[in-house]
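Chains, contacts and geometry: an overview
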Amino acid sequence: MAAAARDMRYRGKQAVNGSLAYDLDYAVRERELRHAGEVPRTREKAKVHEKPRVLIRARQYISPLTVLSIAAVLGLSLLVLLSYVQLTQLSAETVKLQNQLQELDTENANLTAQYQRMFDMASVKEAAEAAGMSKPSSTQMSRLDLSAGDSAVAYLKKEPGLFSRLLSSLHGGVYAVVEYFD
């Protein structure tokens, strides 16, 4: 192709079948052809004994958002831990209160049975007779006749004055304040 391109240079202006672009790889190919079969030349460098360098890592940047996120996670985990502690305390208190409720139910049943035994009509009658009580006789009883209509008399109440109303209002206000703070 290179030979054809050289021939084309000297012909003049005629039609060309192909490319008239420069062949940029021409010099590289020619050099490879000239040196084909030769042992490649190596340059020997003088050996310099260098002290091994310690690699120092660059200081890393930590963003404030990362610090805030870690703080938030630690705070929330602390809150979860505290809620578990509270749950354990409440569970222990619930068990204690349930035991106390069972004891109180048992005591209630015992006291109810004692109450019913104490107010048995036979024991009440015996206690009354022992105290010297007896049933009333017919002469000790009186009857009240309510067959007549009811009647009531309403008296007019005197209207309180301005000073007495102010005094009662002040008394009510002071009483409300004292009651609020007690």
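Everything numeric in this text was worked out from a predicted model, so none of it was measured. Throughout this document, residue positions are counted from 1 along each chain, in the order its sequence is written. The model is predicted, so local features are restricted to residues of pLDDT at least 70 and side-chain atom pairs to those at 80 or more, both for listing and for counting; the totals for chains, interfaces and linings are taken over all residues. Side-chain metrics rest on all non-hydrogen atoms present in the structure, leaving aside hydrogens and water.

**Things to note about the overall build of the chain**
Here is the rule: Every helix listed is a DSSP run of H or I at least four residues long, and every strand listed is a run of E at least two residues long, numbered separately from the N terminus. Here the term buried applies to any residue with accessible area under 20% of the maximum for its type, exposed to any over 50%, and partly exposed to those in between, with areas from a 1.4 Å probe on protein chains only. Note on areas: Shrake-Rupley with a 1.4 Å probe; residue coverage comes only from the protein chains shown.
Scanning the chain from terminus to terminus reveals five helices and zero strands. Helices and strands appear in the chain in the N-to-C order α-α-α-α-α. The proportion of buried residues among the 182 residues of the chain is 0%. By element, 60% of the accessible surface of the chain is carried by carbon and sulfur atoms, the whole surface being about 19700 Å².

**With respect to a nonpolar patch on the surface**
This is how the line gets drawn: Here the term patch refers to residues with relative accessible area over 30% and no salt bridge, with like charges joined within 9 Å and nonpolar side chains (Val, Leu, Ile, Met, Phe, Trp, Tyr) within 5 Å. By definition, a salt bridge exists where a carboxyl oxygen of Asp or Glu is found within 4 Å of a side-chain nitrogen of Lys or Arg.
Together, Leu76, Leu78, Leu79, Leu81, Leu82 and Val85 line one region of the surface with nonpolar side chains, adding up to about 580 Å² of accessible area. Mapped onto the fold, Leu81 is located in helix α3 (residues 64–118). Take Leu81: its relative accessible area is 51%, and that puts it in the exposed class.

**A word on the confidence of the model for the chain**
Selection criterion: Each residue carries a pLDDT score, the predictor's own confidence in it, on a scale running from 0 to 100.
Looking at the chain, pLDDT values average 82 and 84% of them are 70 or higher. Within the chain, no element has a lower average pLDDT than helix α1 (residues 2–11), which sits at 56, and none a higher one than α3, at 94.

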